[in-house]
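Structural characterization, general
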Amino acid sequence: VLLGLPRSVVGDDARIVVVERGARVAGVLVERLLELRTIDESTLEPPPAGLPGEVAAILRGIVATPTGTVRILDLDALLGPERLGALAREESQPA
């Protein structure tokens, strides 16, 4: 829901990834997690041109790895007060 994707059923592969940014700590539910990586910020490349605005707004960049391209989310944009406030308002609406 936070990424604008439809809700999904939480399965056996789901994990909660705890992220920390400054004084903020949050848990992000992911459908599956293949591996965790530490990414050197100097290797970040800008997001590709032509992405929809709502995707580009939460993407910090991309990194090429031996196993493929990794997309790096911008936690400040993703967990900022505007996005979380909009999500809270959406969740409080009757179905």
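Cut-offs applied
Residues numbered from 1 in each chain as written. Predicted model: local features only at pLDDT ≥ 70, side-chain atom pairs only at ≥ 80, totals over all residues. Heavy atoms only, no water. Patch = residues over 30% accessible without salt bridge, like charges linked within 9 Å, V, L, I, M, F, W, Y side chains within 5 Å. Areas by Shrake-Rupley, 256 points an atom, 1.4 Å probe, with all protein chains shown as cover. Salt bridge = Lys/Arg side-chain N within 4 Å of Asp/Glu carboxyl O. Helix = DSSP H or I, 4+ residues; strand = E, 2+ residues; numbered from the N terminus. Buried < 20%, exposed > 50% of the residue type's maximum accessible area, 1.4 Å probe, protein only. Pairing = 2+ DSSP bridges. Polar contact = N/O pair within 3.5 Å; in protein donor to acceptor, adjacent residues only side chain to side chain. Core = buried A, V, L, I, M, F, W, Y, C linked by side-chain atoms within 4.5 Å.

Here's the deal with a nonpolar patch on the surface
Taken together, the side chains of Val10, Ile16, Val18, Val25 and Leu29 make up a nonpolar region of the molecular surface, amounting to roughly 520 Å² of accessible area. Listed by contribution, the elements that provide at least two residues to the nonpolar patch are β1 (15–21) and β2 (24–30). Turning to its location among the elements, isoleucine 16 is positioned in strand β1. Given a relative accessible area of 61%, isoleucine 16 falls into the exposed group.

Things to note about the environment of isoleucine 58
Examined against the element boundaries, isoleucine 58 turns out to sit in the loop between α1 (53–56) and β3 (59–65). Assessed through its relative accessible area of 7%, isoleucine 58 is described here as buried. Separated by 44 residues in the primary sequence, isoleucine 58 and alanine 14 have C-alpha atoms spaced 22 Å apart.

Thoughts on the environment of serine 8
The residue serine 8 is located in the segment before β1 in this model. Sequence spacing of serine 8 and valine 30 is 22 residues, and the spatial spacing of their C-alpha atoms is 9.9 Å.

Details of the pairing of β1
Summarising the sheet, β1 and β2 pair through seven bridges and their orientation is antiparallel. Within β2, the residue paired with valine 19 across the bridge is alanine 26.

Focus on the side chain of threonine 65
Considering the arrangement of structural elements, one finds threonine 65 in strand β3. On the basis of relative accessibility, which here comes to 16%, the residue threonine 65 falls in the buried class. A distance of 2.5 Å separates a polar side-chain atom of threonine 65 from the backbone oxygen of glycine 68.

Considering the nonpolar core
Membership of the largest hydrophobic core is limited to six residues, which are Val17, Val19, Ile58, Leu75, Leu78 and Leu79. Breaking this core down by element, the ones donating at least two residues are β1 and α2 (75–78).

Focus on the pattern of salt bridges
Summed over the entire model, instances satisfying the criterion amount to two salt bridges. In this structure, glutamate 35 and arginine 37 form a salt bridge, with 3.4 Å as the shortest nitrogen-oxygen distance. Classification of glutamate 35 by relative accessible area gives partly exposed; the value is 48%. Its relative accessible area of 33% is what places arginine 37 among the partly exposed residues. Note that glutamate 41 is salt-bridged to arginine 60, the shortest N-O span being 2.7 Å. Residue glutamate 41 is located in the loop between β2 and α1, and its partner arginine 60 is located in strand β3; the two are separated by 19 residues in the primary sequence.

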